[in-house]
Each structure stands twice: as C-alpha cells, then as structure tokens.
Amino acid sequence: MIVVVFFIKEIRMSQLYVKNKKNNNLKVSVKARDYGVKSEERLSRFLIMGASGDYYAGQKQRTAESEMAVSSMLARNGVKAVEMAHRVSAAIPVRAVTNDPAVYVVSRALREADTATREKALSVYNEIVRTGSDFLHSAITMSQSSTGGWRFSKRAMAGWLYQENAYFQAAKYFNRDGMNMRDALRLAHATPRNQSEDVLFQWIASGLRIGNNQSLIEKIDSYEIKQEVKDFMLAVEFIRNADAESAVKLIQKYKLPWEVVPAGLKKDPYVSKAMFDNLPPHALLRSLAEYSARGTINGRNISGVTEKLLNIESMRNNRVHPFKVLVALMSYQRGRNDFNKTWAVYPQIVDALESLFHESFDAYIPHGKKVLIAVDDSASMGSPSLSPIISSSQAAVAFALTMAAREKNATIVTFSDRVRETAIPKRSSIIDAASKVCKMMSYTDCAAPIDWAFRNGMNFDAIVMLTDSVQNGVSTAAEALSTYREKVNPNTKFFVAQFANNNSKITNPDDLQSMTYSGFDTEILGVSKEFITGWDS
C-alpha cells in the first residue's frame, strides 16, 4: 500500500510540474520514456546486483524477471550466458555484490541447456562455485530443475568434492537453506578415487561426526591422508566436548571456522577473541558490530582491527565487494542493532571502512575532464538497495564520492524533480553524505540535472547520472541531452550508473555518446573513464 500511495503521489507531482514548467527550460516531449533492456543486459544486471526488490517491485517479481532473462539467454546463446557468469564471478577485484547469480546461471546451464553450453559450464564450474555455500546453493538449483539429465550435474558436483580444500568447506558450510553436504554428496554420486576421498566422503556422510564409528576411526588412523586433513577432522570432533581453554587452543592451532564451535562456547570471551582473530575478511566485515557488542573489539585492539581492514590486497584477493564494506560501515557506525545491543563506535574503524570502500574499486587514473555527477535522490531511490539498512541513493552517493575524490573537476549535485546544488561537498565523509540524501522524496525527472546545467550555462565534458532510470518528468534525459549538446557542448558524454535491477533504461541505444552500466560493478570507474575520454587514453 505504501508503494501505491507513493506512486500516485509521483504521478500527481509530475502533472503539477508539467503545468508549472517555465518557458525558458529545455524543449519538452512525452515520447521515449524508456528504451527498455534486452535479455543480455538484464542478465548482466542480475549477475552484478542480484534480484533484490526496489521501490516499484518486490523481490519476488524482480527474481521472476531475472529468471526469465536467464532462461532467454540460455536458450538463445547459452555459452555466452555461462561466459558472462564466469567473467563476472572470477574477476579480481570482485565485480558482483554476491556470487549467487553466477552460481545460479552455471547450475541451470548444467541441467537445462544444450550440450555445448553444458560442457562450457562444466569446464568453469569450480571457478564459479568456490565455497561450500556456493556448492549447496548450486545443488539446490539443480535439484529444483525439472528438465534435462543429471549426467553433467553429477560430474560437476563430484569434481567440486574432489578438490583439496573440500574438507574445510564441508565443515564451514555443512548446512545452507535446507540443503546439507550429506544430501549434496548423495546427489553427486561421487565415487572416491583414493583413500583420502574415501575418508572425506564417509566423514561427510556421518554428519562430520567420528564418535564410535569404528570403520571411520580405523581409516583415519591407517589410510594415507594428509596430516593437516586428519588433524582438522579430529579437531572438529574434539571441540564438541571441549572446555573453553581447550577450545581456544583448537581454534588457534587448526584454524577452525566458527561454524563448528558449539554455541555455548561462543559466549566465552576468550573463545570469542580466538574466533575473531581467525576471521577471514568477509566474516570480519559481517561481524564488526557483533564482536563490538560483545566487547571483543575494544580500545586495546583497535590498531589490529584497522590493520586488517586496511589490508587492501587481502580484501581484494578474498573478493570483498565495496557494497559489503558500505553495509559494514553503515551498520557499525549506528552503535546499536535491532535487538538493542549497543557498542562503542571507534572513529579509527569508521575511517578505515571509508578508506577500504574507496580503495575497493578497480585501479583508476584521473582523466581531468569537467564532469557533472548527478545523484538521483527521488522517492524511488529512497528504497532499500540490496540491504535493508542502505537506500539506493545512499549507495549512489558513496560511489559519487569515490569518483569525485579522483577527479578535481567533478561537481556533485542531487536531484529528484529539481536539482539541489550544495547538498554534497566533494570531500564529505560517506556517513555525512549518506545522511543528506533521502530528503527530497519527490518524483524523478532525469532531465533535471541536464536542464540545470543548460540554464546555468555550465559546460561539462560529461554528465554522470546515478539513478534507477525511472523517469517521470516532462522531458526525457535523452531529449534534454540533445538540446544541451545543440546549445552548449556537442561532445558531452552521458554515462548512466544503474542502481536497480529493473527493465528501465534512459540512454538512447542509437546515441554512441551515451552509455548505461551497472552502478554496483567495481569496474565502473575504469569503464566510465574510458568512455568519457574516448576509449583511447
């Protein structure tokens, strides 16, 4: 009901704006509201952003639309669809906010596509399906498919289980969303090729429990398996009945993941610290607020925490996406969660997270062009964006600051039905800038920033617009841009950073000086720079 009310409000405000439109603004038209998105581009958006809901549609609808795009691409050019998924998933720095869409595409390709596509999917499966969580989600997708045979799927799943680190992944991600490793092993029909795999598969089949399983005990004792694998399996068994002191030693010595630590032990401060010290980058970001509330993060270890956060190479190699950093930043700086747990907010951690966000994008050399960066702050951009605590406009303004920090001739404005000129200084912190958006809450006029630049006689080499590409103004961005080029600068480039996985597109596909790209893709800075400078510098 809230969405309906806001949508009606947008229509009414748009009609009022039409009535009061001044004659000295740009020429207007009511055509070409939206150029639409083809299945390949929609698949690309899905691979980068996933299928979260937005202001105009819930997650169920966006998921159905994305599934249709995947189906269309698999039927039309399945090999290309798999190549797109592989290219996005395997990239370092990470391009996608989540790896789930790529896992979904390669898993459906194995069950539903033609032989050439299945062979391609099989060849890149382990490069896309990297973690135990990916593997279980893949198993869910393949088990839900009603078409095709299991031959390629079984080969892919068995190949994943044959990897050297499968024992660790099985322990860390034994259960996910109704699927567990035991069931996935059964689906794979994997046959052990050596003694090590024989032990691993029996360990998984027993639910990672050795107990009084005499056959498994004898195999662990007598079979030729790596000592580190044997020690890890025994440590997982021992920690179930360990006291806090012993648990700390097991965690530290064998790098046990927190998933295998009994819930009762996790509350112990020494166990909590041992787990925190052992956290990989993704888990560190997710757990900052939790460990702060526990007191594990305190004034005595702030330098160690910030050192981990500022290890850019480690963050990149572990495929930490800047949006995940932004979620951690916005969550941590609140100092309180939804369960009324509170924690001290240390400015050193806030500063480290802001620096990490800016450094998480692809390498970028400034181009020095005069650029207008226009952030859509309309009602539709005020809805959550891939996370319930961050709106699309907040995510967009964080990216805008990253670009503006690298470009001395950049100007940032926000807009909805009109432009707000002084809202976001270029040197703002992310926290400060995020607090200044979601204020206009009006309808979207994507022509407004171009109109504003025209009326103020401002000559820009490029206009970069961060938006969900839903426009309700009198004139369209393409029409306003046409007049701007005619009256001000014929060579002005128009680059749209898309911040919603919908079917909307405001750049004219016939205009070679206009381009739309996913706003959550970490390659966006480099792509926008190459586009603005003509792909030749």
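Structure shown above.
Before going into details, it helps to say that this report is about the structure given with it.

**With respect to unusual backbone geometry**
At step 1: The residue after Ile92, namely Pro93, is reached through a cis peptide bond having omega 0 degrees.
At step 2: The topology assignment puts Pro93 in the loop between helix H3 (59-89) and helix H4 (100-112).
At step 3: The phi angle at Lys255 is positive, at roughly 55 degrees, despite the residue not being glycine.
At step 4: Its identity as a non-glycine residue notwithstanding, Leu386 has a phi of 65 degrees, on the positive side.
At step 5: Examined against the element boundaries, Leu386 turns out to sit in strand S4 (residues 384-387).
At step 6: Its relative accessible area of 27% is what places Leu386 among the partly exposed residues.

**Structural notes on the nonpolar core**
At step 1: Residues Tyr125, Phe135, Trp203, Leu309, Leu326 and Leu353 are the most contacted members of the largest nonpolar core, which totals 143 residues.
At step 2: It is helix H21 (residues 392-406) that contributes the most residues to this core, nine residues altogether.
At step 3: Leaving out residues up to four positions away in the same chain, Leu309 has contacts with Leu284, Leu285, Leu288, Met315, Ile349, Ala352, Leu353 and Leu356.
At step 4: Listed in part, the 21 residues of the second largest apolar core include Ile450, Phe460, Ala477 and Tyr484.

**Considerations on the pairing of strand S3 (residues 371-376)**
At step 1: In terms of residue burial, S3 counts as a mostly covered element, since six of its six residues are buried.
At step 2: Where S3 meets strand S6 (residues 410-415), six bridges bridge the pair, whose relative direction is parallel. Of the residues in S6, the one forming a bridge with Ala374 is Val413.
At step 3: Bridging between S3 and strand S8 (residues 462-467) involves five bridges; their strand directions are parallel. Each bridged residue has a counterpart across the sheet, and for Leu372 the counterpart in S8 is Ile463.

**Side note on the environment of Gln61**
At step 1: In this fold, Gln61 is placed in helix H3.
At step 2: We classify Gln61 as partly exposed; its relative accessible area is 41%.
At step 3: Sequence spacing of Gln61 and Asp362 is 301 residues, and the spatial spacing of their C-alpha atoms is 32 Å.

**So, the pairing of S6**
At step 1: In terms of burial, S6 is a largely internal element, five of the six residues being buried.
At step 2: As paired strands, S6 and strand S7 (residues 419-420) are joined by two bridges and run antiparallel to one another. Within the sheet, the bridge partner assigned to Phe415 lies in S7 and is Val419.
At step 3: In this structure, the hairpin formed by S6 and S7 is closed by a connection of three residues.

**Topic: helix H11 (residues 214-222)**
At step 1: Residues of H11 that are buried include every one of Leu216, Lys219 and Ile220, and no others. Along the long axis of H11, the arc covered by the buried residues comes to 100 degrees, so they all point the same way. Turned more than 90 degrees away from the buried face of H11 sit Asp221 and Ser222, all of them exposed.
At step 2: Taken together, the buried residues of H11 touch helix H10 (195-205) and helix H12 (227-238).

**What about helix H16 (residues 281-294)?**
An α-helix turns once every 3.6 residues. As a result, residues three or four positions apart point the same way.
At step 1: Between its first and last C-alpha, H16 extends 19 Å over 14 residues, near the 20 Å set by a 1.5 Å rise per residue.
At step 2: The largest bend in H16 amounts to roughly 60 degrees and is located at Ser287.
At step 3: Those residues of H16 not exposed but buried are Pro281, Ala283, Leu284, Leu285, Ser287, Leu288, Ala289, Tyr291 and Ser292.
At step 4: Along its buried surface, H16 packs onto helix H15 (269-277), helix H17 (302-309), helix H18 (312-317), helix H19 (322-334) and helix H20 (347-359).
At step 5: Where H16 ends, the next residue or the one after it, Gly295, has phi of about 90 degrees, a positive value.

**Describing the pattern of salt bridges**
At step 1: Tallying each qualifying case throughout the model produces 25 salt bridges.
At step 2: For Lys505, the salt bridge is made with Glu41, and the minimal N-O distance between the two is 3.1 Å. One end of the pair, Lys505, is in the loop between strand S9 (493-498) and strand S10 (514-518); the other, Glu41, is in helix H2 (residues 39-49), with 464 residues separating them in the sequence.
At step 3: Residue classification places Lys505 among the buried positions, given a relative accessible area of 15%.

Rules of the game
- Residues numbered from 1 in each chain as written.
- Predicted model: local features only at pLDDT ≥ 70, side-chain atom pairs only at ≥ 80, totals over all residues.
- Heavy atoms only, no water.
- Helix = DSSP H or I, 4+ residues; strand = E, 2+ residues; numbered from the N terminus.
- Buried < 20%, exposed > 50% of the residue type's maximum accessible area, 1.4 Å probe, protein only.
- Core = buried A, V, L, I, M, F, W, Y, C linked by side-chain atoms within 4.5 Å.
- Contact = heavy atoms within 4.5 Å.
- Pairing = 2+ DSSP bridges.
- Arc of directions from axis to C-beta.
- Expected span 1.5 Å × (residues − 1).
- Bend = angle between axes of the 7 residues up to and from the residue.
- Salt bridge = Lys/Arg side-chain N within 4 Å of Asp/Glu carboxyl O.

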